[in-house]
Amino acid sequence: MRLKDKVAIVTGAGRGIGRAIAIGYAREGARVVVNYSRSQHAAEEAVDEIHAAGGRAIAVRADVAQMDDHAPLIERTLAEFGALDILVNNAGVEFNEPVLESTPETWDQTVAVNLRGAYFLGCAAARVMARAGGGKIVNISSVHDVEPLRNRAIYSITKAGLLMLVKSLALELAEHNIHVNAISPGAILTDMNRKHLTDPPRRERLLTQIPMKRIGDPRDLVGAAVFLASPESDYVTGTTIYVDGGLLLL
Ligand code: NAP
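Residues numbered from 1 in each chain as written. Predicted model: local features only at pLDDT ≥ 70, side-chain atom pairs only at ≥ 80, totals over all residues. Heavy atoms only, no water.

Draft legend 1. Quick peek at the overall build of the chain. When helices and strands are tallied, the chain shows eight helices and seven strands. Taken against the 2.2 N^0.38 rule, which gives 18 Å for 250 residues, the C-alpha radius of gyration of the chain at 17 Å falls within 12% of a compact globule. For the chain, the spread of C-alpha atoms along the three principal axes comes to 50 × 35 × 35 Å. A buried classification covers 51% of the 250 residues belonging to the chain. Contacts in the chain between residues at least 24 apart in sequence constitute 73% of all its contacts with a sequence separation of at least 6. (Helix = DSSP H or I, 4+ residues; strand = E, 2+ residues; numbered from the N terminus. Rg over C-alpha atoms; globule rule 2.2 N^0.38 Å. Buried < 20%, exposed > 50% of the residue type's maximum accessible area, 1.4 Å probe, protein only. Contact = heavy atoms within 4.5 Å.)

Draft legend 2. Broad picture of the side chain of Ser-184. Structurally, Ser-184 is set in strand β6 (residues 178-185). Assessed through its relative accessible area of 0%, Ser-184 is described here as buried. A polar atom in the side chain of Ser-184 sits 3.3 Å from the backbone oxygen of Ser-142. Setting aside anything within four residues of it in sequence, one finds Ser-184 in contact with Ser-141, Ser-142, Val-143, Asp-145, Thr-240, Ile-241, Tyr-242 and Val-243. (Polar contact = N/O pair within 3.5 Å; in protein donor to acceptor, adjacent residues only side chain to side chain.)

Draft legend 3. Quick peek at the site of the ligand. Inspection of the region around the ligand gives 31 residues, with Ser-37, Ser-39, Asp-63, Tyr-155 and Thr-190 positioned closest. Between the ligand and Gly-92 there is a distance of 3.4 Å, counted from an oxygen atom to a backbone nitrogen or oxygen. Here an oxygen atom of the ligand sits 3.0 Å away from a polar atom, N or O, in the side chain of Lys-159. Taking 890 Å² as the accessible area of the ligand by itself, protein coverage stands at 96%. Contributions of two or more residues to the shell around the ligand are made by α1 (16-27), β2 (31-36) and α5 (153-173). Each residue belonging to the shell around the ligand can be placed in one class, and the counts come to 14 nonpolar, 12 polar and five charged. (Near = heavy atom within 4 Å. Areas by Shrake-Rupley, 256 points an atom, 1.4 Å probe, with all protein chains shown as cover. Nonpolar A, V, L, I, M, F, W, Y, C, P; charged D, E, K, R; others polar.)

Draft legend 4. Representation of unusual backbone geometry. The phi dihedral of Asp-5 falls on the positive side, at around 65 degrees, and the residue is not glycine. Looking at where Asp-5 falls in the secondary structure, it is placed in the segment before β1 (7-10). Take Asp-5: its relative accessible area is 48%, and that puts it in the partly exposed class. Positive phi outside glycine occurs at Lys-213, with the angle close to 60 degrees.

Draft legend 5. Seen up close, helix α8 (residues 222-229). In terms of residue burial, α8 counts as a mostly covered element, since six of its eight residues are buried. Restricting attention to buried positions, one finds in α8 the residues Val-222, Ala-224, Ala-225, Val-226, Leu-228 and Ala-229. Here the buried face of α8 lies against α1, β4 (86-89), β5 (135-140), β6 and β7 (240-243).

Draft legend 6. Looking closely at the packing of aromatic side chains. Scanning all chains against the criterion turns up one aromatic pair. A ring pair is formed by Tyr-119 and Phe-120, whose centres lie 4.9 Å apart and whose planes are at 90 degrees; its orientation type is edge-to-face. (Phe/Tyr/Trp six-rings, centres within 6.5 Å; stacked < 30°, edge-to-face > 60°.)

Draft legend 7. The packing of helix α3 (residues 70-81) against helix α4 (residues 104-132), seen in detail. Contact pair α3 / α4: the axes reach a minimum separation of 10 Å and the direction vectors enclose 40 degrees. Between α3 and α4, the interaxial angle falls into the category oblique. Relative to α4, α3 is oriented so that their crossing is right-handed. Residues His-70, Leu-73, Ile-74 and Leu-78 of α3 form the contact with α4, whose participating residues are Gly-117, Phe-120, Leu-121, Ala-124, Ala-125 and Val-128. Looking at the contact of α3 with α4 residue by residue, the class counts come to eight nonpolar, two polar and no charged. (Axes fitted to C-alpha atoms, helices over the stretch in contact; angles between N-to-C directions. Parallel < 35°, antiparallel > 145°, perpendicular 65-115°, else oblique. Left-handed = near helix turned anticlockwise from the far one by under 90°.)

Right, dumping it as structure tokens:
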């Protein structure tokens, strides 16, 4: 077990990629805080699945866009499991909005979750990790951190911001033995894009852009997420791993 006795918070872990990572971490021996903001039932189901497999987990509500929710999330983790070794900033939102119709509301909402939430929750977690002698922060970014996507300008801008967030935190936190990295997924079938990815013509068009010739599954992210949280990555910081079936090659 590569994460035995570690304690991890995974944000937005009731559904999609976060859920797969939370379950994958528990399988590797971590005690997991399954964070959710709205999907309480799904988060409790993820916890049940972890318990059924012999793991330990709790579901904790916190909206990462709300600064006041950060400290209670961390305090609850420490109260329940006595440590915080790993933070996965997975929570994310995206809105379909052409540039010419962009609104400040979409900007504020997307930045508040994808970037400000990841940054300040990362800082709060890092203060705990620094006191304990180290930790791992994994941010779930996107291939759109380097490649723009039509009608997703604000989303792509927040993900590009994560690239520098990772480098900046990694630079300053290395002396505290805190590793900060990102995983950038390609097209992974989740609620975020189910409508788009299950539409046959769109799906066929997308598959022509993926050398591995398939849409990803949330479980495809687990290997990289475990690696970046485990001692195997102790000499890896400030970098981004692309898990995209080769999408960025074309
Ligand atoms: P998803 O199924 O729509 O899940 C999004 C998750 O984010 C949900 O668990 C949701 O929790 C959580 N969330 C949203 N706002 C939140 C908030 N304010 N506070 C806490 N949690 C919040 O999407 P997904 O595909 O798994 O996305 C996960 C991450 O992967 C995102 O950062 C996304 O940008 C990234 N990503 C996905 C793809 C893809 O193809 N699917 C590709 C590249 C990157 P609640 O339901 O409880 O609100």
